[in-house]
Amino acid sequence: MSAAEESSHILSGLTNQMSDKDPQETAEWIESFDGLVEERGTERAEYIMRQLLQRAGTKSVGVPMVTTTDYVNTIPVDQEPEYPGDEELERRYRNYLRWNAAMIVQRAQREGVGVGGHISSYAGLATIYEVGLNHFFRGQDHPGGGDQVFFQGHSSPGNYARAFLEGRLTEEELDGFRQEKSKAPKALPSYPHPRMLKDFWQFPTVSMGLGPINAIHQAQFNRYLHNRGIKDTSDQQVWAFLGDGEMDEPESRGALHIAANDKLDNLNFVVNCNLQRLDGPVRGNGKIVQELEAYFRGAGWNVIKVLWGREWDQLLDQDDEGELVRIMNETLDGDYQTYKAESGGFVRDHFFGRSSVTKEMVADMTDDEIWGLKRGGHDYNKVYAAYQAAMEYKGKPTVILAQTIKGYGLGPHFEGKNSTHQMKKLTVEDVKLFRDRHRIPITDEQIEADPYNVPYYHPGADAPEIKYMMERRQKLGGFLPERRTDYDKIPMPPEATYKHARKGTGKQQAATTMAFVRLLKDLMRDKNIGNRIVPIIPDEARTFGMDSFFPTAKIYNPKGQNYLSVDRDLMLSYKESTSGQLFHVGINEAGATSAMTAVGTSYSTHGELMIPVYIFYSMFGFQRTGDAFWAAGDQLARGFVIGATAGRTTLAGEGTQHMDGHSPILAGTNPAVKHYDPAFSFEIAHIVRQGLEDMYGEHDRGDEVRNVMYYLTVYNEPIIHPNEPEDLDVEGLLKGIYRYSQAGADVTGPKVQLMGSGVSVPWVIDAAKILAQDWNVAADVWSVTSWNELRRDAVAAEREALESAEGKARVPYITQKLAETEGPVVATTDYATLVPDQIRPFVPNDFATLGADEFGFADTRAAARRYFLIDTHSMVVKALQMLEKDGMVDAGTAAEAYRTYRIDDVNAGTTGNAGGDS
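Fair warning: this is a prediction, and the values are worked out from it, not measured in the lab. (Residues numbered from 1 in each chain as written. Predicted model: local features only at pLDDT ≥ 70, side-chain atom pairs only at ≥ 80, totals over all residues. Heavy atoms only, no water.)

Points about the overall build of the protein
Now for step 1: Along its length, the protein carries 37 helices and 20 strands.
Now for step 2: Over its C-alpha atoms the protein spans a radius of gyration of 33 Å, differing by no more than 12% from the 29 Å that the globule rule assigns to 918 residues.
Now for step 3: Its C-alpha atoms put the protein at 105 × 75 × 55 Å along the principal axes.
Now for step 4: The buried share of the protein, reckoned over its 918 residues, is 58%.
Now for step 5: In the protein, the share of contacts with a sequence separation of at least 24, taken over all contacts with a separation of at least 6, comes to 77%.
Now for step 6: Working note: accessible area of the protein is about 37500 Å², and carbon and sulfur atoms make up 48% of it.
Now for step 7: The centroid of the 96 positive side-chain charges in the protein is displaced by 4 Å from the centroid of its 131 negative side-chain charges. (Helix = DSSP H or I, 4+ residues; strand = E, 2+ residues; numbered from the N terminus. Rg over C-alpha atoms; globule rule 2.2 N^0.38 Å. Buried < 20%, exposed > 50% of the residue type's maximum accessible area, 1.4 Å probe, protein only. Contact = heavy atoms within 4.5 Å. Areas by Shrake-Rupley, 256 points an atom, 1.4 Å probe, with all protein chains shown as cover. Lys, Arg positive; Asp, Glu negative; His and termini not counted. Charge placed at Lys NZ, Arg CZ, Asp CG, Glu CD.)

Shown next as C-alpha cells:
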C-alpha cells in the first residue's frame, strides 16, 4: 500500500470519489481562483469561498464538511502579523533556557543522586512557551485578572530554568531538582505539583489527560463566575499545553463538546505535535495532526495548524503544481520523524526526491539549508500569528496544532529519536555540541572537569536580554507560573443554621442523603456563604432529592433556557439560567470532578472563596475518577464530596456495577480526603459545620487542616433520625467514634461492644436490644463516623513514637476510647471488611468484623444483608460466639441463636426496609 493510500482516510478528499467530466472548464475555474488570490489576497479569497459554499447549500449542491485541510499552515503568509518582539534578544535567552533546563536534568544524574528527569520535552517546547510568555500570557497583576496556564508536565525543567533567569529560583534550588526532602527547603518537585511547591505551580498536569479536561472546566468555571456576577473574568484566557500522544487519553477528548457547546472562546489548547509519544511515533502509519484537526473541527472547535517555519514559505509559493503539498499530505508521521533523525542529504533524497518537481525546487539549496527548514512550532513568527488569531477568534474554543521536534537543539543523539523521552544524560561531546549550537559561554575545561556539574548560565540581571525578559513579564502582569492564596474571608454560618439537622425527623423517615440535602438547602440560604456554594451534579439530582433546587437556585447554562420545558407546570420543573447556581454536568463524572477541582481552587486561581459540593452516585466516584481526585488533592482543592446511594446492600435492586462497598478504602489512599460515614442527621450537621470551619473558617491551624476535601458517604434507605443526644460526645464524633448508647443497669450478663457506621448503626442498635432481651448480654453501641480518620490517627501515633529518640508513644484515639470497656468488639458496616479492619491493630479488645466482601447483587436489603452476614442477627450470633469462646456464656448458646434466627437462610433476614430512590 502506498503512503497516499495509507493516509487517505485522514485527508478530506473532496473530489476523490468524483470524475472530472470537463477538465478544461475545471482548469479555468482554478485559474480564476488563483488570480483572485494573487490580486486580492487570501483573506478576500477565503470570504468568496465561504460565500460560494453557503450559496451551494441553498441550491442543494452537496458539499461535504471539510474536516481536514492540506498539511500546511492554516494562516497564510500574507495574513501573518508583524512580530512585535526583539527577535535577537528573545533568541539569546531561549538558548539560555534550553541550556539551563538540560543542565538541571544532567546535574541531577550525578553520582549518588541519579533521580532522573526529562531533557527532551522542554527542548521542543521552548519557542511555543516563550512566544506566549513574552507576548500573550498574563500574570495575576494584569488588570484583566490574569490567565490560567496549564504547562506540560514533563517540561518542568524549562519553567524552572526561566524562573532562574527571572531571579525567582537559585542555583541551589535547581540542584535540588527531584530531591524534595533531602535538599529541603531548597528543592524542586519533578513536575507541576502545587502541593509540593505551593507558591509556584497552579495546576498539576503530568497525569496525562487530566490537563485537557481540567482546562475545559476551568474555562467553563471562569464563565460561571462571570455570569453569576461574582467576578469579571471576561478578560481572562485559559491556555493548556498538551502532547499529541496525550490526546489519546479518553479525558483529553471526552469533554471537547462542552467547550464547543458553551462557546468557550476563552479557552486555547496548544498541542505540541512532535509526532512522538513515550515509546515511539504517535501515528507511525498515519498523521496525528490531520486526525486531531478532524476531531476538533468535528467537535466544533476553531483549528489552527502551525506546521512549517518561514523557510518553507518560498518553496510553497513556488509550488504551482501542488507537488510539494501532495508530498506533505502523503508523508507519514513515521517518515517525518525519521527525517529529523537523519541529515539534510537524506531529506533531499527521501522527501524532495519523491517528485522531479520538488527535487528541482531544492536543487540550488545545500544540505545544510535543507536541514535548516524548520518545523512551525520552532518559528516564533508562525507561533505568534497562531496565538494572535486564537485571541481574536470569537464564539469557539481554539486548538493550535504545532509541529515540533522532540529534543530540538540537543544534537543527533536526541532529536527525534524513539528513546529520547527516556534519555536523561548528555555525553561530553553532546554537551559541547549543544553549547556550540546555543552559543553558551562555557569552556571545554568546565565541561570536561565534571560532565555532571556543568555550570548553569546567567548573563546577569543587567544584561539587555534579561532586562527585556523582565520588562515583558511586568507589562503582562507578573510571573507565570505563580500560585497565590489571597482572598477575602467570609463569616461562617451561625449555629442556628444547623438546628433542623440536629433535631431529628420525629416520626418521619428520611435517608441520610435527604438529610444532607436539607442541610445544604439551609446553608444555601445563609447570607454570607449561600451564593458561594456550588452544587455539582452528574445528572442524578432527582435521585438525590435535589430537584427541589431547580426552581430557585436553577441550573447553570450560559445560553439560559430557550425552549418550552415539558414540566413547566410542575412545582419542581427543570429550570436553566445564565446565572444558575447548580453545575449540572450531565452523565460525566470525570467532568464533574474537574469542575469540582476548578471550584475548589477558586480561592487561589481567582482569589474568590467558592464552596463546591460534588454529589454523585457513590460507586462512580473514587473508583471511576480516583486519578482526578488525586490531582485535586495535589492542586489543594477544598470542598465537599458526597458519595450518595452508598453501601453494598443499601441500594436495593441495582446490582453489581452500582453496589459500592469499597469507596472509603479508595478514598483512604488520598491524604487530602477526610472520609466520614454518618448515620444520623445530627452527625451530618456536626461534620459539615466542622468541614466549613476547617476549610474556610478563620483559624491558624495551618494548611494541612485547610487544604482537604470532606468526603461523606450517605445512603438512600429511609430511617427515623433521632434528636441529637444532650450529652453528645462531639469531639469523638469528629475524631471518628463516639458511644451512642450504653447497656441498661438491668442487664446483668456479660458485656460486648458493638460498632457500626452510616446505615448500619440502626442495625447495631437493634442487635444491642436483642442481646439484652433474649440473651442477657449488655451491649454498648458505638457510632464510628470515620474508620479512616481513626486509622490515620493511630498510624500517626506509631510514627511519632518512631520519630522520638525515647520511643515515647501517644495512645491512639481509638485505643483511648476503648481502654475502659469490657468484652469483645463486633463491627458491622455496609462495606467490605477492609473498611473497619483498618482499626483492628489498635483495638485493645478481641475484635471481629462483619463485611460485604463480594460483588453486590440485586435483591432486597434484608436478603442481601443476611447473605453477607452483616445484619442485626448476624451481629448477635457473632457476639455470642466470641463470648462463648471466652467462657462468658454457656457452650452451645451461639449455635442455638444461629438456629433461632435461621442465619443460613437469606429469606429469614429482617434488617432494613424498602423505599428510597436508586
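Observations regarding the pattern of salt bridges
Opposite charge on two side chains permits them to pair, given that their charged atoms come into close proximity.
Now for step 1: Enumeration over the complete set of coordinates arrives at 55 salt bridges.
Now for step 2: The salt bridge involving E311 is made with K374; its shortest N-O contact spans 2.5 Å. Of this pair, E311 sits in the loop between β4 (302-306) and α12 (313-317) while K374 sits in the loop between α17 (367-371) and α18 (380-392); the two residues are 63 residues apart in sequence, bridging distant segments of the chain.
Now for step 3: On the basis of relative accessible area, E311 is assigned to the partly exposed category, the value being 30%.
Now for step 4: Connected via shared salt-bridge partners are D248, R253, R277, R283 and E291. (Salt bridge = Lys/Arg side-chain N within 4 Å of Asp/Glu carboxyl O.)

Re the pairing of strand β17 (residues 751-756)
Now for step 1: For β17, the tally of buried residues reaches 5 of 6 residues, placing the bulk of the element in the interior.
Now for step 2: Taken together, the 4 bridges between β17 and strand β19 (residues 825-828) define a ladder with parallel strand orientation. Counterpart to G756 in the pairing with β19 is T828. (Pairing = 2+ DSSP bridges.)

Here's the deal with the environment of T69
Now for step 1: Within the secondary structure, T69 sits in the loop between α3 (42-58) and α4 (87-107).
Now for step 2: What makes T69 partly exposed here is its relative accessible area of 31%.
Now for step 3: Along the sequence, T69 and E249 sit 180 residues apart, while their C-alpha atoms lie 24 Å from each other.
Now for step 4: A distance of 2.7 Å separates polar atoms of two side chains, one belonging to T69 and the other to E293. (Polar contact = N/O pair within 3.5 Å; in protein donor to acceptor, adjacent residues only side chain to side chain.)

Quick look at the nonpolar core
Now for step 1: If you look at the biggest cluster of nonpolar residues, it comprises 105 residues, and the most contacted ones within it are L692, L754, M755 and L771.
Now for step 2: Examining the composition of this core, we find that 9 residues originate from one element, helix α31 (residues 761-775), more than from any other.
Now for step 3: With 68 residues, the next largest nonpolar core counts I128, Y387, A390 and V431 among its residues. (Core = buried A, V, L, I, M, F, W, Y, C linked by side-chain atoms within 4.5 Å.)

A closer look at the sheet that holds strand β3 (residues 267-273)
Now for step 1: Ordered in space as β1-β2-β3-β5-β4, the 5 strands form an open sheet in which the pairing is parallel. Looking along the sheet, the strands with just one partner apiece sit at the ends: β1 (148-150) and β4. Going from strand to strand, the sheet's axes swing by 15° on average, the running direction of each strand aside.
Now for step 2: Two elements, strand β2 (residues 238-243) and β3, share 6 bridges in a ladder whose sense is parallel. Looking at β3, one finds that L242 is bridged to V271.
Now for step 3: In the packing of helix α8 (residues 210-227) onto the sheet, the strands contacted are β1, β2 and β3, and the crossing angle to β2 comes to about 170°. (Axes fitted to C-alpha atoms, helices over the stretch in contact; angles between N-to-C directions.)

Details of the sheet that holds strand β20 (residues 847-850)
Now for step 1: Reading across the sheet, the 5 strands line up as β16-β18-β17-β19-β20 and stay open at both edges, with mixed pairing between neighbours. At either end of the open sheet lies a strand with only one pairing partner, and these are β16 (737-741) and β20. Here the strands of the sheet are splayed against their neighbours by 25° on average, with no regard to which way each runs.
Now for step 2: Sheet analysis places β19 next to β20, joined by 4 bridges and oriented parallel. Bridging across to β20, V825 finds its partner in F847.

Remarks on the layout of surface pockets
Now for step 1: Roughly 1400 Å³ of internal volume is contained in the second largest pocket.
Now for step 2: What lines the second largest pocket is a set of 35 residues, among which P671, E704, V708, E789 and R792 lie closest to the centre.
Now for step 3: Elements that contribute at least two residues to the lining of the second largest pocket include exactly α26 (622-634), β13 (673-676), α28 (681-696), α29 (703-706), α30 (730-735) and α32 (787-803).
Now for step 4: Looking at which element gives the most residues to the lining of the second largest pocket, the answer is α32, with 9 residues.
Now for step 5: Here the lining of the second largest pocket is composed, by residue class, of 14 nonpolar, 5 polar and 16 charged. (1 Å grid on protein atoms, 1.4 Å probe; cavity = no way out; pocket = protein on both sides within 12 Å on 5 of 7 lines; lining within 4 Å. Points joined across faces, edges and corners; volume = space filled by probe spheres on them. Nonpolar A, V, L, I, M, F, W, Y, C, P; charged D, E, K, R; others polar.)

A word on empty space enclosed by the protein
Now for step 1: In the structure shown here, the tally under the stated rule is 7 cavities of 30 Å³ or more.
Now for step 2: Put simply, the largest cavity is a space of about 110 Å³.
Now for step 3: Around the largest cavity, the lining residues are W308, W312, Y336, Y339, K340, V347, F351, I370, W371, L373 and R375.
Now for step 4: Of all the secondary-structure elements, those providing two or more residues to the lining of the largest cavity are α14 (333-339) and α17.
Now for step 5: When the residues that make up the lining of the largest cavity are grouped by side-chain class, the tally is 9 nonpolar, no polar and 2 charged.

Overview of the side chain of K374
Now for step 1: A residue is classified by how much of its surface remains accessible, and K374, at 19% relative accessible area, is buried.
Now for step 2: Of the polar contacts made by the side chain of K374, one reaches the side chain of E311; its length is 2.5 Å.
Now for step 3: If near-sequence neighbours (up to four positions away) are discounted, K374 is found in contact with W308, G309, E311, W312, D379 and Y408.

Topic: a negative patch on the surface
Now for step 1: On the surface, D20, D22, E25, E28, E31, D34, E38, E39, D317, D320 and E321 cluster together into a negatively charged patch.
Now for step 2: Per-element tally for the negative patch: the top contributor is helix α2 (residues 23-40), with 6 residues.
Now for step 3: With respect to the helices and strands, the residue E25 is situated in helix α2. (Patch = residues over 30% accessible without salt bridge, like charges linked within 9 Å, V, L, I, M, F, W, Y side chains within 5 Å.)

Some remarks on helix α21 (residues 464-475)
A turn of α-helix holds 3.6 residues, and therefore any two residues three or four places apart point the same way.
Now for step 1: With 12 residues, α21 extends 16 Å between its outermost C-alpha atoms, agreeing within 8% with the 16 Å of an ideal straight helix rising 1.5 Å per residue.
Now for step 2: Every buried residue belonging to α21 is among E465, I466, Y468, M469, R472 and R473, and all of these are buried. What you see down the axis of α21 is that its buried residues fit within an arc of 160°, all on one side. For α21, exposure combined with an orientation more than 90 degrees from the buried face picks out E471, Q474 and K475. (Expected span 1.5 Å × (residues − 1). Arc of directions from axis to C-beta.)

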